[in-house]
Each structure stands twice: as C-alpha cells, then as structure tokens.
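# Structural characterization, general
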Amino acid sequence: MAAMQVAESLPGGQARDVPREPPPEQGSGFRCLSARLCALRPDDSSSARTEIHLLFDQLISENYGEVGGVAPEDVSALLVQACRLVPLNQNHLVSKVSQLIHHLLNRLQLLQNALKGIQSLLNGGKMKLTQTEELGALLAVLKKSMFHGLPGLNIELPTVLYPTPLPQYDGRPPVKPQQSESNTSRPTVNKKKKSKVKSRKIQQEEEEEESSGEREAAPITGSGKENLREGSTPCSSSLGVQSLPVEGSSMAGRDRVSTPFRSASWKKVSSSESDYSDAEGGMQSKMRSYQAKVRQGALACFLSTIKSIEKKVLYGYWSAFVPDTPELGSPQSVSLMTLTLKDPSPKTRACALQVLSAILEGSKQFLSVAEDTSDHRRAFTPFSVMIASSIRELHRCLLLALVAESSSQTLTQIIKCLANLVSNSPYNRLKLSLLTKVWNQIKPYIRHKDVNVRVSSLTLLGAIVSTHAPLPEVQLLLQQPCSSGLSNSNSATPHLSAPDWWKKAPSGPFLEEASVSSPKGSSEPCWLIRLCISTVVLPKEESCSSSDAGCAAGSIYEPSPMRLEALQVLAHLAKGYFSMAQVYLMELGEVICKCMGEADPSIQLHGAKLLEELGTGLIQQYKPDSTIAPDQRVPVTVVVMFWTMMLNGPLPRALQNSEHPTLQASTCDALSSILPEAFSSLPNDRQILCITMLLGLNDSKNRLVKAATSRALGVYVLFPCLRQDVIFVADTANAILMSLQDKSLNVRAKAAWSLGNLTDTLIVNMETPDPSFQEEFSGLLLLKMLRSAIEASRDKDKVKSNAVRALGNLLHFLQPSHIEKPRFAEIIEESIQALISTVLNEAAMKVRWNACYAVGNVFKNPALPLGTAPWTSQAYNALTSVVTSCKNFKVRIRSATALSIPSKREQYGSAEQYVQIWNALVTALQKSEDTTDFLEFKYCASLRTQICQALIHLLSLATASDLPCIRETLESNGDMVQSFILQFLKSGAEGDDTGAPHSLHERDQMVRTALEHIGSIQALAGDSAKRAIMDFLEDTLTIYFDSSGSQVALLGLTDR
C-alpha cells in the first residue's frame, strides 16, 4: 500500500519486521499501544474494527512531545501495521489512519521549528560557536537533518564532527579592491518590482515549476565515510551517486557528461500508474513535503552557520560536506552533492547548491594548495592531492546535475555554483580539460528560454575567462569555431546545433578601421566577443517572455541583466585576453559609445568599465617591460582614432552628468587609462577638454567623483607631454592639496598617491638639461606641498605611505635658492623629523619601507647640510635600528640601501657616527637569517647583497680616524664578513630593486676601488689598521679570482 512507502520514508526510513507476539503487559504509553496494534491480525469483523478504532483514537490523543525515546523505526513499524489492518473499503478507518499519519507528522514540524530557532540565534549573533565541540555537535545534527527522509538513506553519524587538521592557512579573505560605487557590479534591477507581493499567476507558475521539477530519487546504495544502510525501497535502475562514472574511468569525458539521464527512476510517477488511493497519495505527498521542509530548514541553518564562523574553521570540515573522488571500487560518501543529484525536491536541490556556493565563496586561498600529480601510488595521500581530487569531483558532479536538472530556478543555482567553483579553483596547478568540459557544457544554455539561466551562463563564461588569466586552455577555447556547441536550449538536455544568429555585426564609420588594429597571426575571430557584442547591441529575436526579468516594455534589446553580463564578460576578456580583444578594438569602441549614450545608467556604467579595461590593455602593451613584439601591438595611430571616437562621443556628457556620480567616477577612471603616447597625438582641443574636465570635477561635492578625479590627475601629471608644463603641474598640485583636506579617507588616500606621482615628476624634471622648470616652479607652492605632506604623514596608513614618499621627493627637489631662505629652515627640519618618526614607528611595513626610501631621497640632495645638521645623527640612528632589528626584510633592505647613498665621507658625520653605522651593518649581516617568519627567508640573499654593498661603499670613503675601529670589527668578525662579500662577488643581487650592481665587473670593481682608497690613506706612524684592512681586501679578491681562474686582474693592484 501507499502508506507503507510513506511509513518507510519517516525518520529512519527502514521498517522493522512486525512483531507477532503480544507484549507482556498493557499500558497507555506509545509502546504499549503500538504493541497492541501490532499484535492484531487483519480481521473484517465488527469487534476488530471497533478495537482498531479505539487504538487509533488513543494513538491520536497521545502527547508525543512528552514521550521520550520513541524511535523513528517504531513509528514506521506502527504505520506499516496500521495500513495492513485497514481495509480500503472502510472509508472511516482510512480517514482515521490518515489522521494518525498527519498527527505523527507534527513531530517533523517540531524538528522544523527547532532548526528555525537555531537559525534565528545564529542570524542574531546570539549563538557563538567558539568551541570545537559545540560547532562539531551542531554540524553533526545539521548533516543528519539534511538527509532526513531521503528515500533509501539512513545516515549514522557520531554526535560530534571533528575538523581535519589543515596545513598553515591564513583564513583571511583575499584583499579586495576598495569597493566604491564606481566599481560595484551590476546594479540591482527593478528593486521595487521585486518587493511587491507576487501575483496569483506568478505563484501558480512557481508551484508548477516546483511540481515539474520534482523527480523520484533513487535510493543511495553505497556507503562512504559514514555508515549508510540500504533502504527497503527497491530500484534496480537507480542513478545513485555510487553509479556516477569516476574521473579517469572509461566513461569520463565529454560523452559522459553530455548523455541525458534515461533512468526510469528519475521520472515522476503519475497518479494513474499508482496503486494508491487518492487519500493515501495525498498523504504521501504531504509526508514528502514535510520531509523536504526539514531538509531545507537544515540547509538554511547550515548556511547561517557558514556565515557566522571563520572560513579557516569551516574548511576543517570540508571533507564532511564536499565530495571526493572515491577509490576504484569504493562507495561514494554522502555530501551536499548527494542532495543536488538525488533530492526529489527542486527547492531542496537549490538550497543545497546555495550552501555549496557559500562554502566555495572566498575559498581561493584554501584551494590554492591543490595540485595534480601523476604519481598517486604512495603510502599516504598528500593534502594537496586530496583537494585536487575534491575539485575534480565537484566539477564532475555539478556537470551531471546540469544535464539532469529540469527546474529553471535550480538550473540557475547550479550554474552560479559552477561559476563560484571556477573563480576559486587553481587551474594553473591542475590537469587540463576541467575548464574545457565546463565550457562545452555551458555553451548551449546561453540560448535557454529562461533569462536567469542565460544570465548565469554568461556569468560562468565570465568566470572562466577571468580565472588565472591568461590560461592556454582558455585561449584555445576562445579560438574555437564560432558554431561549436551553441543551440536554443529550452530544456535541460539541449540538442546541439549551429545557428548563425549572432554573426551579424553593427555597422559604423569606424568599422573599416578594425582590421587595422588586428596584429599579424590573429585572424581567428573570437566567438565569445562576437556573442557579447551582439547581445549588447542587436535587437532581440523574440518578444520578451514573462520570465525575462529586466526586459522593459517596448524594449527592442535583450533584457538588461543579459546586456550587463555581456559587457562584464567583454571587460574580463579585455583584461585577461587583450590580444583577442584588440582585434575588435574599433568595434568595441562603437559598442561603448552606444552604451554610454543610452538612458540606463547601469548600461552606461558598464560601458565605461569596458573602456577602462581596453585603455589599460593598450597601456600594458607599451610599457617598457612589455613582452609584446612591436608589430603585435595596436598602432598608436589606431589608439588615437579610438580615443578620438570616445572624446567626440558621449564620454564628455557622461563626465558632466552630476545626477549619476557613480557614472562620473567610472568615466574619470576610464579617462585616466588613455595611452600617454596617444594623448600627445590627440587634437589640441581634445587634450584641453580632458584636462579642463578633470580639474573642474575636482571641485565636486561627491566623494566618489573627487577620489576618481584626484587619481586621474595623478596619472596625467606623469605624461611626458604634460610634466614640464609648469602651469598644468601647479594647477594639479593645488587641486591635489585641496583634496588632501577632504573628510573622506578614500579621497585623501587617492590625493596622497597623486601627490607622490606629482613629486616624482619634479624629480624627473630635475634630470633634464633645461633648468627652467625648477626656476619657474613656485617656492610658495613648494612650502604648501611640504606642509600638506607633513600633515598627511600623520594620517591613516593609506594616506601616510604616499605622504612620506612625497616628503622625500620634495626634500630631494629643493634647490639651494630655497634652502638658503629662512622660511624653509623650519619646514625642512619638521619634514625630516616626520620621516624619522615614521621610520621608527610600528606602522604598516609598506609605510616604513616608503619612509626609508624617502630618507634615502633626502640624502641625495647635496644642498642639504647632511653630516653637520642636528638631524643627521637621528636619521642614521633610525636607519641602523631598522637594518638590525626590523622583522620585515624588505624594510631592512631599503634601510641598508639608504645608508649606502651619501657620496662623501663628511656626510656620514663624526668618526663615532661612521663607526656606529659600520658596526650596525656588520651586526645586520650576522642577523641576516634571524627570522621566525619563513616568508622572509626568500629575501635573505638580497639583504646580504645590499649590506655588503653598503660596507664596501663605507670602506671606499673611510678616513684615517675610521680605520682602527674597522680593523677591530674585522678581527672579531672578518671570516663572516669575508664569506658574505665573496657571495656578493659571485652572485650579486637576486632580483631586488635595490640598485645593487648586477654585473661581475661592477662588483669586483667596487672592492678594488675600496682597496685603492684604503691604500691611498695617509695613516699615522705605527698604525697597523691600514695594513690589516688592505690584507683583508686583498685576501678576499685573491680567493675570488682563484675561484674564477683569473689572477691577472690582481697584478699591479697594489704593492705589498
């Protein structure tokens, strides 16, 4: 009977054999009543029916909330026996047994309410899961509840789940760029519409969707890490998780994923095929609904748990909820993918996918350890291999779920989950083909009837082209023939076809120039770029369906979410695969002009973001360290045409659109991505337009606009064609100084960065033979800049790091004519004290590094009284303190570099000051491997190289009064110093930008210069220090030349 199957689906899911012997005693409790009922035999007599009526009444009146120890299997056995005893022609008894089943189902509602209570406590922050035991106990309950009532599955779990010990892992999420309105993702569409109560028609459609998405789930026949007991429901053609083909097996590959499920167990049984009565069928449906709600409640509670604990804690339980590839012949463990593939309720499947997405979100650092290795035959499975296996299994299961799913809402969740997986997986450390399988499977869904599926499909393609870009595998996928795999996907298992619906291209006056920007060897078109362009600019083919959210009435284009996602994919392609995007440069320019000319601000905004990415890609091609061959770059003439089209189009209007400050800010960012070589070739009126608009927008009351404008001015001031324009530099300086006073930290941070750039320009202008810029630049403006930089150096770290950079540049730039003036004396002293304070303070390491760099810049100004001024000893003491004790080796390297900058002995001050610096550098050399942070070890060689260079530099400037102390140090530490100098001579600097000499000749020339200088010193009579130091240097060179096989270089160097 139908009720038998219902009973078997109750908690426990497995019926016991019905006991045949009467119980030893009678009572009014559940067990006594159950025993009495089970003792009865089917009998159609009046007395039997009366007794059954009486027992049913007693069972219904029982208070199960107060009955302890009632096992689910006892409830199941009772309902099975009740259904056996009731003849189907006795309507009153059938009604009673239905009432009993309904009454017992209330126990499920208690579980639902308990889960809702836990979720409420978690969401309200009242439940603090700080102890492993507490969290483990909760997760064990939730995991059991997640599979509650799933046919054929009875999961036995310990009362507490314990985490797996993880390798050293920093659970902090990756630092994201500061979220501002200008770089947020798609704006929410139709918020007001979403908040309205759904109409009756929509609710009815959703119910139909839920109903049509249901599938009969086959019992899971395997057992994994948990003990699974087979249910009594037979299903020979089931598609259990165990039956899914394993990666690497003969069924692995595209064919495996593309084959639609044909198993009869997935079909929904119609009422005409059922042996159940209408009442029993309805009760069975109600039972399934209750059980599904328990599973959904458990999943919702788990989602709240994920949000309330740290990721590094969560990932300790990774293996308890995320599938792993089973060993050959071993069963599959139950996981969230079990629900995704097996649960009959589409809503539950969607909930499971939401939870999995939440686990995957922000998992990039955790998953980054994954690595595929060819040799898995070892005594243990490394953690990296286990994570790689888990990633492969997630790909396999999600692609199976994609093919099997019939509910559009759940299908959207599957694709979103795949996008999260793709965004966080380290494909550069995994075997090829994972992305290819995802790519080939998702292409048909771009034409799905449901707009949400289409949008999420584009999101997934965007994730593929943005993850670890550029990937060779993705490069090949982008070059696939345009007709490969696209179809009109109205169902979950679309038929592949090759429509040319998107091959049309917009026409325009600049399209004939597109071929000009195409480099040699790049004739293969990128079908994804063409698809996205068509989605954005071409009219849609069919009328907007009711499911097309964001499709305005009367709109001829695709729904807004589709167009926004297509623009985002284009931006990803421009960022990661610019060599393909550049082929379409002029055409994309027309797309941008069209988008920025539309009324929808979100379309305009995404057009501006695409422009920024294209501009950045062009700048990257022309950087000095670019690996792109000149004939593969977009010609500057084409770049000029591109930007001329932008500036003659709707871009200036978007910049002046004060009603949409986010758009203004984003357009400012786009304008700052113009190629400097192209800017100088723009028509003069276009150059003036750019500068005028930016300077004008700096007065904006909106902080987003002001921050973006400050940054853009900081970019423009570095342009070769503008940096010697005294008026422009002065105007920019005044605008930046005004922004440095803003209340917004973001504005001040951008202004400080721009001030640093502006002072870099001052230094570059010093190196030009024409002194007119220095002479014409206002001294009063320099004073204002120094005062503002000093004040900014006391601000937050985001501002401070660039403020000290600016201070160092300004002190370096000061001319003798400035320094001689009394009004500069006080500000110079104050500026240097600000730098010294920042070097010594326990600020962020970036701030201290910039402060050391700035002090080194101060030492480069020969007009400053370094060596005689009172601040000299303070500056050197600060640097020697850092070089010997700072825990960050990059800061130590920078301080050692600063100590080797003064070019004259008198700049090092007294003999005591000189010796202190010498001894500090020797101590720093001794401690060059003293660190508890293993991440610092990679900088050890660079630190030793820089210290050795500083020591040799000091020797080349030494005076007679310095020699005794140098000899004393070499007598006690000579072997150590010599070994490191020999390393310096042989290997030199190792990639650090410290200015250390890199060629062999430069390095040994430094030591020979020092030796010649020491030999030239007129030492006092009887002073043996000079001879000892020379012997040390000669021995060092002898050992070095012996090892390199060149003795000639030493001949004639000195007369012993």
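Residues numbered from 1 in each chain as written. Predicted model: local features only at pLDDT ≥ 70, side-chain atom pairs only at ≥ 80, totals over all residues. Heavy atoms only, no water.

### Considering the state of the cysteines
A full pass over the atoms with the stated rule returns zero disulfides. Left without a disulfide partner, Cys 852 is nearest to the cysteine sulfur of Cys 886, which lies 7.5 Å away. (Disulfide = S-S within 2.5 Å.)

### Regarding the nonpolar core
Note on soluble globular proteins: their nonpolar side chains tend to be buried together. Leu 528 and Tyr 716 are the most contacted members of the largest nonpolar core, which has 274 residues in total. Apart from residues lying up to four places away in sequence, Leu 528 is in contact with Trp 439, Leu 461, Val 465, Leu 478, Val 569 and Leu 573. (Core = buried A, V, L, I, M, F, W, Y, C linked by side-chain atoms within 4.5 Å. Buried < 20%, exposed > 50% of the residue type's maximum accessible area, 1.4 Å probe, protein only. Contact = heavy atoms within 4.5 Å.)

### Looking at the confidence of the model for the protein
Within the protein, residue pLDDT values average 79, and 74% of them lie at 70 or more. Mean pLDDT per element in the protein: helix H9 (residues 254-258) is the minimum at 33, and helix H31 (residues 703-716) is the maximum at 97. Low pLDDT, under 50, characterises residues 488-524; the stretch is placed with 86 contacts to residues that sit more than four places away or in other chains. Per-residue pLDDT stays below 50 along residues 989-995; that stretch engages in 14 contacts with residues further than four places along the chain or on separate chains. (pLDDT = per-residue confidence, 0-100. Helix = DSSP H or I, 4+ residues; strand = E, 2+ residues; numbered from the N terminus.)

### Focus: the pattern of salt bridges
Any two side chains of opposite charge can pair, given that their charged atoms come close. On inspection of all chains with the given rule, the structure shows 21 salt bridges. Residues Glu 558 and Arg 454 are paired through a salt bridge, measuring 3.5 Å at the closest nitrogen-oxygen approach. Within this pair, whereas Glu 558 is found in the loop between helix H21 (527-537) and helix H22 (560-576), its partner Arg 454 is found in helix H19 (residues 451-466), the two being separated by 104 residues in sequence. Each member of the pair, Glu 558 as well as Arg 454, is classed as buried. (Salt bridge = Lys/Arg side-chain N within 4 Å of Asp/Glu carboxyl O.)

### A word on the packing of helix H32 (residues 726-739) against helix H35 (residues 779-792)
Two elements in contact, H32 and H35, have axes whose closest approach is 11 Å; the angle formed by their N-to-C orientations is 30 degrees. One element, H32, and the other, H35, form an angle in the roughly parallel class. As for how H32 packs across H35, the hand of that crossing is left-handed. Residues Ala 730, Ala 733, Asn 734 and Leu 737 of H32 form the contact with H35, whose participating residues are Leu 781, Lys 784, Met 785 and Ser 788. By residue class, the composition of the contact of H32 with H35 is five nonpolar, two polar and one charged. (Axes fitted to C-alpha atoms, helices over the stretch in contact; angles between N-to-C directions. Parallel < 35°, antiparallel > 145°, perpendicular 65-115°, else oblique. Left-handed = near helix turned anticlockwise from the far one by under 90°. Nonpolar A, V, L, I, M, F, W, Y, C, P; charged D, E, K, R; others polar.)

### Points about the packing of aromatic side chains
Scanning all chains against the criterion turns up 17 aromatic pairs. When the centroid spacing of 5.2 Å and the interplanar angle of 55 degrees are considered together, the rings of Trp 318 and Phe 366 count as tilted. In this pair, Trp 318 sits in helix H12 (residues 318-321) while Phe 366 sits in helix H15 (residues 364-367), placing the two residues 48 residues apart along the sequence. For the pair shown, Trp 318 and Phe 366 are each scored as buried. (Phe/Tyr/Trp six-rings, centres within 6.5 Å; stacked < 30°, edge-to-face > 60°.)

### With respect to H19
Since the α-helix packs 3.6 residues into each turn, any two residues three or four apart lie on the same face. Between its first and last C-alpha atoms H19 spans 22 Å; for 16 residues at 1.5 Å apiece the expected length is 22 Å, and the two agree. By the N-cap criterion, in which a side-chain oxygen at the helix start approaches the backbone nitrogen of a residue two or three places on, H19 is capped by Asp 450, the distance to Asn 452 being 2.8 Å. After H19 finishes, the residue His 468 shows a positive phi value of roughly 50 degrees. (Expected span 1.5 Å × (residues − 1). Polar contact = N/O pair within 3.5 Å; in protein donor to acceptor, adjacent residues only side chain to side chain.)

### With respect to helix H24 (residues 585-596)
In this model H24 runs 16 Å from its N-terminal to its C-terminal C-alpha over 12 residues, within 8% of the 16 Å that 1.5 Å per residue would give. The element H24 is extensively covered by neighbouring structure, given that 11 of its 12 residues are classed as buried. Of the positions making up H24, those classed as buried are Leu 585, Met 586, Glu 587, Leu 588, Gly 589, Glu 590, Val 591, Ile 592, Cys 593, Cys 595 and Met 596.

### Focus on unusual backbone geometry
Pro 470 follows Ala 469 through a cis peptide bond whose omega is -5 degrees. Take Pro 470: it is sitting in the loop between H19 and helix H20 (472-478). With a phi angle near 100 degrees, Ser 433 is a residue other than glycine that sits in the positive phi range. Relative to the helices and strands, Ser 433 resides in the loop between helix H17 (408-424) and helix H18 (434-442). Despite not being glycine, His 468 shows a phi value in the positive range, around 50 degrees. In this fold, His 468 is placed in the loop between H19 and H20.

### Observations concerning the environment of Thr 616
Relative to the elements of secondary structure, Thr 616 occurs in helix H25 (residues 601-621). A relative accessible area of 30% means that Thr 616 is categorised as partly exposed. At 2.8 Å, the side chain of Thr 616 and the backbone oxygen of Glu 612 are in polar contact.

### Here's the deal with the environment of Pro 470
By relative accessible area, Pro 470 is classed as exposed at 52%. Separated by 108 residues in sequence, Pro 470 and Phe 578 have C-alpha atoms that sit 9.3 Å apart. With near-sequence residues (within four places) excluded, Pro 470 lies in contact with Gln 475, Gly 576 and Tyr 577.

### A short note on the side chain of Glu 473
Within the fold, Glu 473 resides in helix H20. For Glu 473, which is buried and forms no salt bridge, the nearest opposite charge comes from Lys 437, at a distance of 8.7 Å. For Glu 473, the contacting residues outside a window of four places in its chain are Leu 432, Ser 433, Leu 434, Leu 435 and Thr 436. (Lys, Arg positive; Asp, Glu negative; His and termini not counted.)

### Observations regarding the packing of helix H42 (residues 911-926) against helix H44 (residues 963-987)
Between H42 and H44, whose axes approach to 10 Å, the crossing angle comes to 30 degrees. On the basis of the axis angle, H42 is roughly parallel to H44. You can see that H42 and H44 cross each other, and the crossing is left-handed. Residues Tyr 914, Val 915, Trp 918, Asn 919, Val 922, Leu 925 and Gln 926 of H42 pack against Cys 965, Ile 966, Thr 969, Leu 970, Asn 973, Met 976, Val 977 and Phe 980 of H44. Among the residues making up the contact of H42 with H44, the classes are represented as 11 nonpolar, four polar and no charged.

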